[in-house]
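Here's the letter readout for the chains.
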Amino acid sequence: MHFDKPTYTVRKTRKKDIPKGLYTKDPVTGDIVFNKEVEDNQMVAPKSGHHFPIGARARIAHLFDEGSFVETDAKVKSSDPLKFVDSQPYPDRIKRYERDSGLPEAVINGTGKIHGIEISVAVMDFKFCGGAMGAAAGEKLTRAIETAAAKKIPCIIFSASGGARMQEGIYSLMQMAKTSAALGRLAQAKLPFISVLTHPTMGGVTASFATLGDVILAEPGALIGFAGARVIKDTTKQTLPAGFQTAEFLLKHGLIDQIVSRLDLRDRLRDLLLALHVGRKDGVPATGKN
Amino acid sequence: METPVYVLEFEKPLRELSKQLDELRQQSIETNVDLAKEIRAIEVKIDAMQRDIYSNLSPWQKVQVARHPKRPYALDYVNLLCENFHELHGDRQFKDDQALIGGTAFFHGHAVMIVAQQKGRDPKERIARNFGMPQPEGYRKALRLMRLAEKFGLPVLTFIDTPGAFPGIESEARHVSEAIAVNLREMAMLRTPTISVVVGEGGSGGALGIGVTDRVLIFENSYYSVISPEGCAAILWKDGTKAPIAAEALKVSADHLEKLGVVDEVIPEPKGGAHNDVKHAASALGYALQKHLNDLRALNTEKLLDTRYERYRHLGVFEEAGTVRS
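Summary of the structure given here.

Brief notes about the overall build of chain A
Thinking step 1. Check the secondary structure of chain A and you find 9 helices and 10 strands.
Thinking step 2. In chain A, which comprises 290 residues, the proportion classed as buried is 60%.
Thinking step 3. Restricting the contact set of chain A to residue pairs at least 6 apart, pairs at least 24 apart contribute 69%.
Thinking step 4. Carbon together with sulfur atoms contributes 52% to the accessible area of chain A, which is approximately 11,200 Å² in total.

Next comes the structure, spelled out in structure tokens:
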């Protein structure tokens, strides 16, 4: 299977956040929107509801109760076990991703509180190497899952990834096994795992932890799939239907639980965790109110 | 030596020699001249050349051997190594995937569950088996059979040989990602000994979908990779013809994978590759399987599961605060 980056675009803002400047064009309505206004609205266009990509740090800032997030494992970084060189050595690429994204890895993890409920979280960021999963990303994801198990708290993972990190060869593939095995133990401990799929979630990430959620949520318009569109076309000569591999396609086919606007996510996660975790732990039925 | 119909690029000098050999034999018959000495000389030369070529294959050349149309497939090994193999069909939900099959068998007198990716030998069978690319139903059937094995205490032997899970609209709509992901999680927790062997192609998530096992064995000329060398070359080198370089960089060969700790043992192939002597290859595999099964049977289930978890927990290398870890 080819876990490459998606090669077609469902939105015009696939690779970067809103361009620098004051305004940006809303790809849905064509209207001009103020960047400041979009940023203040978690990168969701106020009128059309179009979801622009949001960075891991900004997502965390909006998601958790103020001051409750504690980052862990921040010193886990990619290594170069294969001494991989394509057009440039892999370590040089890593340095460039660090510089361009301002992040140490494609995953930021830690613990925090959502409406007072403590959770272990890992947030992927597409800006770092297209969110590709190598050993460091896999390690941080696995630690987030293991932390949840150790602290007996729920785990939430936000995915945004083109798939596996090719420069780490077979080790990147093995991160699928590593993360999935950890989720097996979390499931045995009867702790909830909520997977939130954001634009885009592809390849080995979709085919492992991201699809193992007790509840799977997706952001509107997110591209979610296993094989890239080009690979499917090349292999099968099939014409891909409109909207193929979008969150809406997945919902229609019964593959995810809900599509949730980023603006509603914090409250929705609380409601689900009250039902699945907090209510169960206290032995009282969830009320839906915090 | 019969002249092979399908000749790999690096085997062409061999083919030239075997043509010469054929001619000499023909000549010897036609002219009634004793050419035994000359024939013997060429045979020795062929033998040496074959040994030489096959002991120095590049990663990309090994990929070619792994994809050789005469390469033994899973059922060739199952039929040589096991008795009373009975195929159990279907995922009980949608269909019977013939690219990923399985069933009960007896290996050295003990009942085992076979789960195997199977390619077709002739054009008709190739299509029926979808060129060894399983669909979601294949993975779901595999899980059904593995759970059956767990229930009745049978060890699971999986045979990996796929270019990858099938990339197609139906495959996506029936959620191949979920089928693979669930297998990864459930195989990590399966309460019975499990061994996989990469007999040909280990194509990414499609291979791993039946590959999260206590032990992973691989034939000398098989490969196992996160992406096909061609796919990787097309993306990173923007040129699919750079596949030989990508194969080298990705470290897809058995010897590399053993050094990386991803496989536990490399099964030697007979000279000229497994397709040159299937029985020989099968017997080497049978020996290794028995050895690993004995090891695993000696462990209690909790120890087995902990060891399996730790095996995958530490695959991969990263840095933490300046220290290299795995």
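Now, onward.
With respect to the environment of S101 of chain A
All names here are of chain A.
Thinking step 1. In this structure, S101 sits in helix α3 (residues 90–101).
Thinking step 2. Here the side chain of S101 touches Y97 through a polar contact of 2.7 Å, landing on its backbone oxygen.
Thinking step 3. Among the polar contacts listed, one links the side chain of S101 to the backbone nitrogen of L103, at a separation of 3.1 Å.

So, a nonpolar patch on the surface
Residues and elements named next belong to chain A.
Thinking step 1. Together, L22, Y23, I32 and F34 make up a nonpolar patch on the protein surface, roughly 460 Å² of accessible area in all.
Thinking step 2. Turning to its location among the elements, I32 is positioned in strand β2 (residues 32–34).
Thinking step 3. Classification of I32 by relative accessible area gives exposed; the value is 56%.

Structural notes on the nonpolar core
Thinking step 1. Ranked by size, the top nonpolar core spans 138 residues in total, and within it I156 and L269 of chain A together with Y224 of chain B carry the most contacts.
Thinking step 2. Of all hydrophobic cores here, the second largest spans 31 residues; its members include V112, A116, V199 and A274 of chain B.

Concerning the sheet that holds strand β9 (residues 318–320) of chain B
Thinking step 1. Strand order in this open sheet of 3 strands is β4(A)-β9(B)-β10(B), and the pairing throughout is antiparallel. Of all strands in the sheet, those bounded by a partner on one side alone are β4 (76–78) of chain A together with β10 (323–325) of chain B. The average angle at which neighbouring strand axes cross in this sheet is 40°, direction not considered.
Thinking step 2. In the sheet, β4 of chain A pairs with β9 of chain B via 3 bridges, with the strands oriented antiparallel. Within the sheet, the bridge partner assigned to V76 of chain A lies in β9 of chain B and is E320 of chain B.

Concerning the pattern of salt bridges
Thinking step 1. This structure, assessed with the given rule, holds 44 salt bridges over all chains.
Thinking step 2. Put simply, K151 of chain A and E118 of chain A hold a salt bridge, and the shortest N to O gap is 3.8 Å. Here K151 of chain A, found in helix α4 (residues 135–151), pairs with E118 of chain A, found in strand β6 (residues 117–124); they are 33 residues apart in sequence, far enough to count as distant.
Thinking step 3. The partly exposed category is assigned to E118 of chain A, whose relative accessible area is 30%.
Thinking step 4. What you see here is one network of salt bridges that share partners, running through D73, E139, R143, E146 and K178 of chain A together with R313, E320 and R325 of chain B.

Conventions and cut-offs
- Residues numbered from 1 in each chain as written.
- Chains lettered and ligands numbered in written order.
- Predicted model: local features only at pLDDT ≥ 70, side-chain atom pairs only at ≥ 80, totals over all residues.
- Heavy atoms only, no water.
- Helix = DSSP H or I, 4+ residues; strand = E, 2+ residues; numbered from the N terminus.
- Buried < 20%, exposed > 50% of the residue type's maximum accessible area, 1.4 Å probe, protein only.
- Contact = heavy atoms within 4.5 Å.
- Areas by Shrake-Rupley, 256 points an atom, 1.4 Å probe, with all protein chains shown as cover.
- Polar contact = N/O pair within 3.5 Å; in protein donor to acceptor, adjacent residues only side chain to side chain.
- Patch = residues over 30% accessible without salt bridge, like charges linked within 9 Å, V, L, I, M, F, W, Y side chains within 5 Å.
- Salt bridge = Lys/Arg side-chain N within 4 Å of Asp/Glu carboxyl O.
- Core = buried A, V, L, I, M, F, W, Y, C linked by side-chain atoms within 4.5 Å.
- Pairing = 2+ DSSP bridges.
- Axes fitted to C-alpha atoms, helices over the stretch in contact; angles between N-to-C directions.

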